[in-house]
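Examination of the molecular architecture
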Amino acid sequence: MTGSTELKATGIVAGYIPDMPILHGVSVVVGAGEVVSIIGPNGAGKSTLIKAIAGLVGISDGNVTLDDKDITDVPAHSLASAGVGYVPQNGNVFATLTIHENLVMGGAALAKAVAQERIEEIYGMYPVLKERTREKAGVLSGGQRQILAVARALLTKPRLMMLDEPTAGLSPMAAAELFGVVRGMAERGAAVLMVEQNAKAALRVSDHGYVLADGQNRIEGPASALLEDEEIGEIFLGVRRKEAV
């Protein structure tokens, strides 16, 4: 890890209906400069966890801290000022606005001069957006929309970036490009927490991983080790190893 940023979610119990939790004591840790992926089968509680951390799902037990400051159940709209960026799976760009207008909206809480400076930085990081500033976001490809969503979240320079299924519905090429964007965020010092169904590809760009099952921590460890773990390969990643002859 680099820097001091650290997210800790400890013993999280959460769900959408009172007294019917989906998560049963889940814990994760993410440090600055790290990409941490949460993987597992459908219904494991992956998206519920990241939404709970992002203040979108109520937490009935456990706590979330960012640099030792308690942010448990802080509303999502208040987390940006605490240095948290969140990119949901759906509805993450304004389709009827241009790329530039989307970025302006993302920097609305900043002073105008600061916002403009950061938008220019974003254009330097993602030339595909600079080339199409006047185009409506609705005409972008799925991959380009996701890059715009990430870029807009980056305008506030969050210390922690959270992404919920960022490659859902993308082509392999677009997914690979987006994973490169994710890795780049960590290399610039952000702590990155990602929920991803494309488990193998996610682990390849991650430093650490957590496998959830039935709303609980099942396995965790360095991403490289998880890729080689037979239990994960057979149960969670859909890899069947050849039987001994």
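A few words now on the environment of Thr10. Inspection of the secondary structure assignment puts Thr10 in strand S1 (residues 6-14). With relative accessibility at 41%, the residue Thr10 sits in the partly exposed group. The spatial distance from the C-alpha of Thr10 to the C-alpha of Ile38 is 15 Å, given a sequence separation of 28 residues. When sequence neighbours within four positions are dropped, the list of residues in contact with Thr10 reads Val26, Ser27, Gly62 and Asn63.

Turning our attention to the packing of helix H3 (residues 99-106) against helix H4 (residues 112-125). Two quantities define a packed helix pair, namely the angle between the axes and the distance from one axis to the other. Where H3 meets H4, the closest approach of the two axes is 10 Å, and the angle between their N-to-C directions is 130 degrees. In this view, H3 runs oblique relative to H4, as classed from their interaxial angle. For the pair H3 and H4, the crossing hand works out as right-handed. On H4, the residues touching His100, Leu103 and Val104 of H3 are Gln116, Ile119, Ile122 and Tyr123. Residues of the contact of H3 with H4, tallied by class, amount to five nonpolar, two polar and no charged.

The next point concerns the nonpolar core. Among the nonpolar cores identified, the biggest contains 37 residues, and Leu103 and Leu129 are the most heavily contacted of them. Of all elements in the fold, only H3, H4, helix H6 (142-154), strand S7 (160-164), helix H7 (172-187), strand S8 (191-195) and helix H8 (199-204) reach the threshold of two or more residues within this core. Counting residues per element, this core draws most heavily on H7, at eight residues. With 30 residues, the next largest nonpolar core counts Val26, Ile50, Ala54 and Tyr210 among its residues.

The phi dihedral of Asp68 is positive, around 70 degrees, even though this residue is not glycine. Mapped onto the fold, Asp68 is located in the loop between strand S4 (59-66) and strand S5 (69-70).

So, about the sheet that holds strand S6 (residues 84-87). An order of S6-S7-S8-S3-S9-S10 is seen for the six strands of this open sheet, with the pairing classed as mixed. Looking at which strands have only one partner, the edges of the open sheet turn out to be S6 and strand S10 (216-222). Here the average twist between neighbouring strands, direction ignored, is 15 degrees. Here strand S9 (residues 208-213) pairs with S10 via six bridges, running antiparallel. The partner of Gly209 across the bridge, within S10, is Gly221. Sheet strands in contact with H6 are S6 and S7, and its direction is about 155 degrees off that of S7. Contacts from H7 reach strand S3 (35-39), S7 and S8 within the one sheet, and its direction differs from that of S8 by about 150 degrees.

The rules we used
- Residues numbered from 1 in each chain as written.
- Predicted model: local features only at pLDDT ≥ 70, side-chain atom pairs only at ≥ 80, totals over all residues.
- Heavy atoms only, no water.
- Helix = DSSP H or I, 4+ residues; strand = E, 2+ residues; numbered from the N terminus.
- Buried < 20%, exposed > 50% of the residue type's maximum accessible area, 1.4 Å probe, protein only.
- Contact = heavy atoms within 4.5 Å.
- Axes fitted to C-alpha atoms, helices over the stretch in contact; angles between N-to-C directions.
- Parallel < 35°, antiparallel > 145°, perpendicular 65-115°, else oblique.
- Left-handed = near helix turned anticlockwise from the far one by under 90°.
- Nonpolar A, V, L, I, M, F, W, Y, C, P; charged D, E, K, R; others polar.
- Core = buried A, V, L, I, M, F, W, Y, C linked by side-chain atoms within 4.5 Å.
- Pairing = 2+ DSSP bridges.

Just geometry here; none of it tells us what the structure is for.
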